[in-house]
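Here is what each chain is made of, one letter per residue.
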Amino acid sequence: MGTRKSVAALTATEKSDFVAAVKALKAQTSGRNYDWFVRTHMTYFNAVNSHNYAHMSSSFLPWHRKFLLELENGLKAVNPAVNLPYWNWTANRSTTGAPFTSDFMGGNGSGGNGAVLSGPFAGSTRWRINVSATTSTSLRRAMTLRGSLPTTSDVDTVMGVSTYDVSPWGSSSGSGMRNRLEGGLTPNLHNRVHVWVGGHMAQVDSPNDPVFFLHHCNIDRLWSRWQTRWGFGTAQYLPGGGVANVVDVEEVLEPFGATVASTLDHRAGYTYA
Ligand SMILES: [Cu+2]
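Residues numbered from 1 in each chain as written. Predicted model: local features only at pLDDT ≥ 70, side-chain atom pairs only at ≥ 80, totals over all residues. Heavy atoms only, no water.

A. Region of interest: the overall build of the protein. Across its full length, the protein carries eight helices and four strands. The secondary structure elements of the protein, listed N-terminal to C-terminal, are β-α-α-α-α-α-α-α-β-β-α-β. Here the protein has a C-alpha radius of gyration of 18 Å; the compact-globule value for 273 residues is 19 Å, and the two agree. Expressed as a percentage of the 273 residues in the protein, the buried residues total 55%. In the protein, the share of contacts with a sequence separation of at least 24, taken over all contacts with a separation of at least 6, comes to 68%. Summed over all atoms, the accessible surface of the protein reaches about 10,400 Å², with 51% contributed by carbon and sulfur. For the protein, the distance from the average position of its 23 positive side-chain charges to the average position of its 18 negative side-chain charges is 7 Å. (Helix = DSSP H or I, 4+ residues; strand = E, 2+ residues; numbered from the N terminus. Rg over C-alpha atoms; globule rule 2.2 N^0.38 Å. Buried < 20%, exposed > 50% of the residue type's maximum accessible area, 1.4 Å probe, protein only. Contact = heavy atoms within 4.5 Å. Areas by Shrake-Rupley, 256 points an atom, 1.4 Å probe, with all protein chains shown as cover. Lys, Arg positive; Asp, Glu negative; His and termini not counted. Charge placed at Lys NZ, Arg CZ, Asp CG, Glu CD.)

Below you can see the structure in the form of C-alpha cells.
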C-alpha cells in the first residue's frame, strides 16, 4: 500500500525519482503512456455516450480518482517506490516554492502566458507537448496572472457540506459538496487552481503539465477527508440510481470499466500522509 505525501515533504530522492518516472512514462511509445492520459482527458472533457464522466458531473471525483490511480500504476511500473504526491495549495502558495522548484516541477512561464523557463519540464527538448489543444510544443504557465488560490477557510466550507451532490448533478447544481469542490459554486476549489496556474493548466489538455496530477491528488485527498468525516460507503455518493445520463453509484466509469462504488473506499490501496 502506498502513502501519498505532500510535495513539501518529499526528499531530494523522492523528487528525482518522481520526475524520472514521469519522463519514462512520457517516453513509452504504446499503451497507457503519458500522452494517453492527455488524450483521454481531452476526449472525456465533454460528454461521451451522453455521459459527462469526467467534469461538471457527480462522477468528477471518482473519474479523476481512477485517472490518478492509472497514472500512479504506470509510474510504479517504472519504479515501485514512486507514489503520487499532493500539492496543498492552501499551504504552498508561492510561485517559487514547492512544487515549483527547479528540482521538481520548475517555475513560472516567461511573461504573459509563456514557456516555462526552469526545471525538468522547461523547453520542448526536455518535455515535448505532443497532444494538445494549441500549437505550442513547450509547456506554458502564467501563474498569478488570473485569480487566486483557495484558502484553508474555503476548504473548511466545502468539507462541512454533508450532501455529496444534488440534481441536476452538473455545473448548475445549486448546492452540495461536489459542485463547490469542482468549481460551479463558491468557494470553487478545483477550477480556480487550474486558472491560477494558467498556460496548459487552463486548457482542455491540462495533463500536459505534470502539476495537474499533484493538484488533482490534493482534490482527491480533500474528497478522502470529506469521506473520513461523512462516510466512505455507497450511501454517501449521489445519485444512488435511476438518473439517465448521469453516472449512478453502480454504473461504470469509462474508459476504466470500473463502477463508482468500487472507487469509493481507497484505503486498501493508498492513504494520505
Ligand atoms: Cu482538473
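B. Structural detail: the coordination of the copper ion. Taken together, the protein ligands of the copper ion are His190 (NE2), His194 (NE2) and His216 (NE2), with distances of 1.9 to 2.0 Å. One chain supplies every donor to the copper ion, and in sequence these donors are spaced H-x3-H-x21-H. Residue histidine 194 is located in helix H6 (residues 190-197), and its partner histidine 216 is located in helix H7 (residues 211-230); the two are separated by 22 residues in the primary sequence. The same class applies to histidine 194 and to histidine 216, which are both buried. (Donors = N, O, S within 2.8 Å, 3.2 Å for Na, K, Ca; no water.)

C. View of helix H1 (residues 12-27). Given a rise of 1.5 Å per residue, 16 residues ought to cover 22 Å, and the 23 Å separating the end C-alpha atoms of H1 matches this to within 8%. The set of residues buried in H1 consists of Lys15, Phe18, Val19, Ala21, Val22, Leu25 and Lys26. Burial along H1 is one-sided: seen end-on, the buried residues are contained in an arc of 160°. In H1, the exposed positions angled more than 90 degrees off the buried face are occupied by Ala12, Thr13 and Ala27. Of the surrounding elements, those touching the buried residues of H1 are helix H2 (34-43), helix H3 (60-78) and H7. (Expected span 1.5 Å × (residues − 1). Arc of directions from axis to C-beta.)

D. Up close: empty space enclosed by the protein. What the rule picks out here adds up to two cavities of 30 Å³ or more. The computed volume of the largest cavity comes to approximately 40 Å³. Around the largest cavity sit Phe60, Leu61, His64, Arg65, Leu68, His216, Ile219, Asp220 and Trp223, which together line it. Tallying contributions element by element places H3 first for the lining of the largest cavity, with five residues. Considered class by class, the residues forming the lining of the largest cavity number five nonpolar, two polar and two charged. (1 Å grid on protein atoms, 1.4 Å probe; cavity = no way out; pocket = protein on both sides within 12 Å on 5 of 7 lines; lining within 4 Å. Points joined across faces, edges and corners; volume = space filled by probe spheres on them. Nonpolar A, V, L, I, M, F, W, Y, C, P; charged D, E, K, R; others polar.)

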